[in-house]
Amino acid sequence: MSTALLQELHQEYRRLYIAGSELAAGDFRLKRLLPQFQQLGERSPVFKKIGEGIAALLEPASSDGPAPGVQLQEHTLLLESVLYTQGTIAVDGTPGPLPVRNFTLHTKQPYRKLAPVLEALSTTGSGRHEIVVDAYKEGAFQDLRLLPPAVAALSDPYSELAEYAMTNILPSYGPGIAGYLLESLDLTGGRSEVRKLEVISRVGADEYLDQIFHAAGNGSEEIRAGAIKCLGGYEQYLDHLLEWSTDKKKAIREAAYTALAAGGSAQGGERLVEAFIKKKDREMVAAVLARWPVAEVSTRLAALFMEELKAAPQDNADKKLTDKVWDELLPFITALRRERSPQMDEIYSYVLQEYARFSPLGWITLIEHAAWYKENTPDNAALAELEALDKRSARFLPNYFRAAQKTMSPKELFNQFCGTFMDKLKALVGKEAKDAAQRSQLLIHTIEEQTVDIRRRNYQVEYDAAGVRQYSRDLLPSEEIAADWDPRWLDWFIKQDAVNLAGTFARPGHQGVRDYLIGKLKEPYKRRTYDYIPNIFKGLERAGVPEPERLELLMTALENNNVHTPYTFEFYLVKLMERFPASYASRLEAVVPKYRYECKQQLEYVLNSLRSAK
Amino acid sequence: MPELTSTYVDSLAPNAAAIKNGQGLVRKKSFVELHQSENGELLFGKCAGSGKTPYECSVDFIAADSPVFRCTCPSRQFPCKHALGLLYAYTEGQTFTAAPVPEDIASKREKAEKREENKVKQAAEGVEPKPKKVNKSALKKKITAQLEGLDLLEKLVLSFVRGGLSTMDRSAVKTIQEHVKQLGNYYLSGAQIELRRFSNLMFGGKDQEQNYTYAMEQLTRLHAFIKKGRAYLQARSEDPELALDHESTIDEWLGHAWQLSELKEYGLVKEGAELLQLAFYSFNDAARLEFVDLGYWLDLSAEGGGIHRTFNYRPYKAAKLMREEDSYFEVAVVPQLYTYPGEMNARIRYEAVTPRQVQGTDLQRAAAQAHRSYTEAVKKVKNQIKNPLSDKQPVMLLHAATLGVTENGQYVMTDEEGTRLLLEDLPSVPQGTVELLPFLPAAAREDCYILVMFEHNLDQGRLRAQPLTVIKDEEMIRLLY
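Procedures and definitions
- Residues numbered from 1 in each chain as written.
- Chains lettered and ligands numbered in written order.
- Predicted model: local features only at pLDDT ≥ 70, side-chain atom pairs only at ≥ 80, totals over all residues.
- Heavy atoms only, no water.
- Helix = DSSP H or I, 4+ residues; strand = E, 2+ residues; numbered from the N terminus.
- Buried < 20%, exposed > 50% of the residue type's maximum accessible area, 1.4 Å probe, protein only.
- Contact = heavy atoms within 4.5 Å.
- Areas by Shrake-Rupley, 256 points an atom, 1.4 Å probe, with all protein chains shown as cover.
- Lys, Arg positive; Asp, Glu negative; His and termini not counted.
- Charge placed at Lys NZ, Arg CZ, Asp CG, Glu CD.
- Pairing = 2+ DSSP bridges.
- Patch = residues over 30% accessible without salt bridge, like charges linked within 9 Å, V, L, I, M, F, W, Y side chains within 5 Å.
- Salt bridge = Lys/Arg side-chain N within 4 Å of Asp/Glu carboxyl O.
- UniProt positions renumbered as here; feature names shortened; annotations may be inferred.
- Axes fitted to C-alpha atoms, helices over the stretch in contact; angles between N-to-C directions.
- Parallel < 35°, antiparallel > 145°, perpendicular 65-115°, else oblique.
- Left-handed = near helix turned anticlockwise from the far one by under 90°.
- Nonpolar A, V, L, I, M, F, W, Y, C, P; charged D, E, K, R; others polar.

What follows deals with the overall build of chain B. Helices and strands together make up the secondary structure of chain B, namely 12 helices and 17 strands. Taken along the three principal axes of its C-alpha coordinates, chain B extends 75 × 65 × 50 Å. Burial analysis of chain B (481 residues in total) assigns 51% to the buried set. Contacts spanning at least 24 positions in sequence make up 62% of the contacts within chain B whose residues lie at least 6 apart. Counting only carbon and sulfur atoms, one obtains 50% of the accessible surface of chain B, whose full area is about 23,000 Å². In chain B, 60 side chains carry a positive charge and 65 a negative one; their mean positions are 7 Å apart.

See the structure below:
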């Protein structure tokens, strides 16, 4: 049966549906088809019937016959039925075996678990990131059916989701994913294709180097850069990388530098030094080296650094020149950030010696970096250098203090920094007193950084149905404070009214700290009061105040606060509230309306547990 | 009481949100009391809500297989999050203190028991439920109205054909909506759906040319429906018994919702069936204004029992409160299986079900029902789809000697006779599956059984199939859901 002819007729009928059945009468394209059907109709009754239909449409019999619309519907219905029996299942070409994947995944997830994730990955709108992240954590992506959407997510318009797929989801499939991604790699593509290459470089590209090399030479600029980065560390491509490192395009050069640095070959190092010396790409190379330092390169750059420092201007007469030189020096700091060697010691000693020269040039960053370097390579010489630096400017007190911590005993440390200050403080007036106060503040700040609110800890929020995770920060444990710090610090902190530190350093049997902290609670509330309330209560616990008393103090604090509602209570405080005796329920109920935001939820949660404990 | 696991509780929940909310209550420690009866059959507790008094909720396992949920909350979702939360609290190992069964629950239990007793008594006495009396004159009136409605529909359809689809603009949508409303007065809910579908096909897609193709097909289908419907209704109005047609789907097209008792009356019920779900998906049917949960099941209990469909319709307005079906991984043991009139994948329904673990022999039995010759299978398919009112996407289980892919990326399955069948993603299935084929384990690429959905593409004159599930030995790999 001539299916093509039937198809053609179907197209003509379709045209009449679009144009209107009134136009069927005398339609010349239908007329053209009619003889063929009539001819075939002599042998086949179906074609005969269809042919009669065409004829009836072309020449409507009379006004009392069925309307052309009805006829068109009738004949199309017949034609469609015939066509439905003529559908071909033939395949063009001979099938070969299915491609083999290096990994198999199961398909055990039920619809209700899969569908929301698929929807999140195939639509736009809010809340998708959370669904995807949760699903990934539950291991849902080990279901085969989520793999193609996970790959498609690389081009998600919401870049955070795309990045998540790139850094977490896809690498979790292991090295097998690389081949799969390469199959669909579009060499002319954009960001999503680069992400594919990024995934490949994460899971390892060993088996697919040919294809990646091809992409590195033939793709769009972005693709080439991505592919070149994957080739670092493979010796057979070294020559190409060297060639690309002199490419006209910046992105290609950068990719080549990255690959060379990651590869760590001698020739590659040579090329990096060359590029650094030429100054044009200095910043770029420095950023690359900061991530992938190469030992020989560092040694040679250090020598160069010293040379250029020595050649730096003597004064700020030519501002433009000073700035230019500085721009050329900064990449050294970046590139050599992690380098530690006698050579570097010497460089930064030189910088500190030349304080009087570099400081007026405005190169404070350089001096700060030197101070930071010295602080982290503590020996007596470095300490002396930092002490001298501190005398020049108080901003370097923290560096000096931290370096001293590493070499001095706790007692010496306290004597060095506070023993003298305190004596002096009494006698000082005017500017000197102001300086001393500034130094005290700096010192407090430095010590706070080391002891207060360190150590992030994650916890599951119980009062929120969604089970969001939050984190709290802890103080340095009491045992470490007792071992590493002089006991006199506590008195000094109280004197300085450093409430966070007083709470942190509080210890049992010290009446002063107990009175001081309770006194702080009784002070009128200010906007910032809440910031240190958790540390006051932590301090009271450290000071050995019995729990019932602390609970009462906390309850009173909740009642007294009339000024400011924080957004959320610190984890420690909530944990403490959970220990409230059941008798507090009514007091708590009375204060709940005063609070808003998450605090309110927390208090309600505590209240619920109090009631259920009853 | 069945073993309470969180997966089991998940399966009781009406939808994914209810699972989350129920678990949230446990995490928030909203349950202020948790108790169980002495024999452990009843779990009950109190859960703090937004009001002053906590809700009292309970789950009764007096009939272990069908727990009864009770709660004092006003939620229309069933079971509500409180009852689910109660179960999650139990699965998490929280302490449930022993307590006597509360009075109100005891009395409710008693009443339920009495009802049950009455039922048993009636069954024992052999009292057949009284046959429903049919008000024949009212029915005749209804049929006359339906015939009038068909006339109205025909006029509208013809006006579209006469005027041409290209002249239809947005104002036509309004005309159609008005007609949809009117058809409701003529008891033609099936016609309402098909007319709305026409409107959606005509104005829904972005590709106007494709819209025309679909709209044209829908117009001819409406034509066939009017013709067949009219003939059927006329015959029925002349038939003194005015019986329903229990062999074709025409009654459903006209909008008849079959009741289980009617199906029973026509002998469309079977005792003791075992069903294996082969595929499942859920979609939004904008013409019906409903979400549809569609399951494909193989009847294991009969030779050539065939593949059936379960439909769970969730109207937009009530979707939140209704249970959303899910993939079913066990064998469903069904005491009474009702089959709707229909062809290849007739609709089935059941009231009670007991799950049973799938065994290797179940899959062997399923495989035994597969078609081995594509020529014959295709013949069957074509025989069905040539009828304008038939389901155009029949689903079949086919045996594949090999699976392969051609140079231009077409996936192909081949039977033992060497006949090839093109595999392609169909536009009407929500998820593509063919690109998953290369992930099949090596063993599953030959001599396997594949559930496929057929669809004829009119423009290309091709009959294509989309793979939904692959069965190999004792493993079932679901490519869809």
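So, about the sheet that holds strand β3 (residues 55–60) of chain B. Paired through their backbone hydrogen bonds, the strands of a sheet run either parallel or antiparallel. All names here are of chain B. An order of β4-β3-β2-β1-β5 is seen for the 5 strands of this open sheet, with the pairing classed as mixed. The two strands at the open ends of the sheet, each matched to only one other strand, are β4 (68–71) and β5 (97–98). Relative to strand β2 (residues 42–47), strand β1 (residues 31–36) runs antiparallel, the two being bridged by 5 bridges. Paired with L34 across the bridge in β2 is G45.

Let us now look at the environment of A:R611. In this fold, A:R611 is placed in helix α34 (residues 597–613). Note: C-alpha distance between A:R611 and A:S586 (25 residues apart in sequence) is 9.7 Å.

Side chains of B:K108, B:K111, B:R115 and B:K119 sit close together on the surface and give a patch of like positive charge. Under the relative-accessibility criterion, B:K111 is labelled exposed at 55%.

For the rest of this paragraph, the subject is unusual backbone geometry. Residue B:P79 follows B:F78 across a cis peptide bond; omega there is -10°. By the element assignment, B:P79 lies in the loop between β4 and α3 (81–91). With phi around 60°, A:D497 is a residue other than glycine that occupies positive phi space. Its place among the elements puts A:D497 in the loop between α27 (488–496) and α28 (499–505). Located in the positive-phi region is B:D473, a residue other than glycine, with phi close to 50°. With respect to the helices and strands, the residue B:D473 is situated in the loop between β16 (462–472) and β17 (475–478).

Mapped onto this structure's residue numbering, the UniProt feature "domain: SWIM-type" (unreviewed entry) falls at residues 55–91 of chain B. Secondary structure content for residues 55–91 of chain B is 30% helix and 27% strand, while the C-alpha to C-alpha distance between its ends is 20 Å.

A separate point is the packing of helix α22 (residues 380–392) of chain A against helix α23 (residues 397–407) of chain A. All names here are of chain A. Interaxial distance between α22 and α23 falls to 9 Å at its minimum, and their mutual angle equals 150°. In terms of orientation, α22 and α23 fall into the roughly antiparallel class. Relative to α23, α22 is oriented so that their crossing is left-handed. Packed against α22, whose contacting residues are L383, L386, E387 and D390, the element α23 presents L397, N399, Y400, A403, A404 and T407 at the interface. Among the residues making up the contact of α22 with α23, the classes are represented as 6 nonpolar, 2 polar and 2 charged.

Counted according to the given criterion, the structure contains 57 salt bridges over all chains. In this structure, the salt-bridge partner of A:E8 is A:R32, at a minimum N-O distance of 3.8 Å. Of this pair, A:E8 sits in helix α1 (residues 3–19) while A:R32 sits in helix α2 (residues 28–41), and the two are 24 residues apart along the sequence. With relative accessibility at 44%, the residue A:R32 sits in the partly exposed group. B:D362 is paired through a salt bridge with B:R365; the nearest N and O atoms lie 3.4 Å apart. You can see B:D362 and its partner B:R365 sitting in helix α11 (residues 360–368), 3 residues apart, about one turn around the helix. Connected via shared salt-bridge partners are A:E12, A:R15, A:D27 and A:R29.

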